[in-house]
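Next come the chains, spelled out residue by residue.
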Amino acid sequence: ISAKVPNPRMNQDSHSFMSQVLNQFSGLCSPPPKHQTQHSKETMQKYDTGRTTHEDETETTTLEDEMINLRLTSKQMTRAAVKCEKKQKAAIEKLKKAIKAGNLDQARIFGEDAIREKNQALNCQRLASRVGAISSRVEAAVRMGAVS
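Residues numbered from 1 in each chain as written. Predicted model: local features only at pLDDT ≥ 70, side-chain atom pairs only at ≥ 80, totals over all residues. Heavy atoms only, no water.

Novice: An account of the overall build of the chain is requested, with residue identities and associated values reported.
Specialist: Looking only at helices and strands, the chain features 4 helices and 0 strands. Along its sequence from the N terminus, the chain presents helices and strands in the succession α-α-α-α. Taking all 148 residues of the chain together, the buried fraction comes to 21%. Look at the contacts in the chain between residues 6 or more apart in sequence, and 69% of them connect residues 24 or more apart. In the form shown here, the chain has an accessible surface area of approximately 11,600 Å², with 55% of it arising from carbon and sulfur atoms. (Helix = DSSP H or I, 4+ residues; strand = E, 2+ residues; numbered from the N terminus. Buried < 20%, exposed > 50% of the residue type's maximum accessible area, 1.4 Å probe, protein only. Contact = heavy atoms within 4.5 Å. Areas by Shrake-Rupley, 256 points an atom, 1.4 Å probe, with all protein chains shown as cover.)

Novice: Please provide a residue-by-residue account of helix H4 (residues 104–147), values included.
Specialist: One full turn of an α-helix is made of 3.6 residues, so residues set three or four places apart face in the same direction. For H4, which comprises 44 residues, the first-to-last C-alpha distance of 64 Å matches the rise-based estimate of 64 Å (1.5 Å per residue) to within 8%. The complete set of buried residues in H4 reads Ala 107, Gly 111, Ala 114, Glu 117, Ala 121, Cys 124, Ala 128, Val 131, Ser 135, Val 138, Glu 139 and Val 142. (Expected span 1.5 Å × (residues − 1).)

Novice: Tell me what's going on with the nonpolar core, and back it up with residues and numbers.
Specialist: Judged by nonpolar contacts, Met 67, Leu 70, Val 131, Val 138 and Val 142 together constitute the single largest core of 5 residues. For this core, the secondary structure elements donating two or more residues are helix H3 (58–101) and H4. The element that contributes the greatest number of residues to this core is H4, accounting for 3 residues. Every residue in contact with Val 138, bar those within four places of it in the chain, is listed here: Leu 63, Met 67 and Leu 70. (Core = buried A, V, L, I, M, F, W, Y, C linked by side-chain atoms within 4.5 Å.)

Novice: An account of the pattern of salt bridges is needed here, citing residue identities and associated values.
Specialist: The tally for this structure, following the rule as stated, stands at 6 salt bridges. For Lys 96, the salt bridge identified is with Glu 93, shortest N-O distance 4.0 Å. Residue Lys 96 and its partner Glu 93 are located together in helix H3, separated by 3 residues, close to a single helical turn. Judged by its relative accessible area of 45%, Lys 96 is partly exposed. (Salt bridge = Lys/Arg side-chain N within 4 Å of Asp/Glu carboxyl O.)

Structure (structure tokens):
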């Protein structure tokens, strides 16, 4: 679907939702525009290098913003993994109750849910680790840029 020709079957809510999702994923691939990179004062002070921004240093500032965004994304993925693990434990408890009650069909469904949640938790942890590694590389690049 191009931006010029909207799909008539999509209402305004689903169209705005799709644009938000596309904006999220495009932010992972390319640096966000300047006006969208707003961070809390505590976060900015934590990564502040004490340098002033000049016109020729816009690339370094963008790398610093990306570093912060990557760290936040890594933390979000770690939190998502913890939530999936909690859902997995809840599904296992429901599975045990269904087996005691003799509902094998429900037990099978709860077992599938538990397996799916376990796999989702592992995927979230794997992605958090990868994003954390990329964040470390970007941080090293920012530090090397500050030295030279």
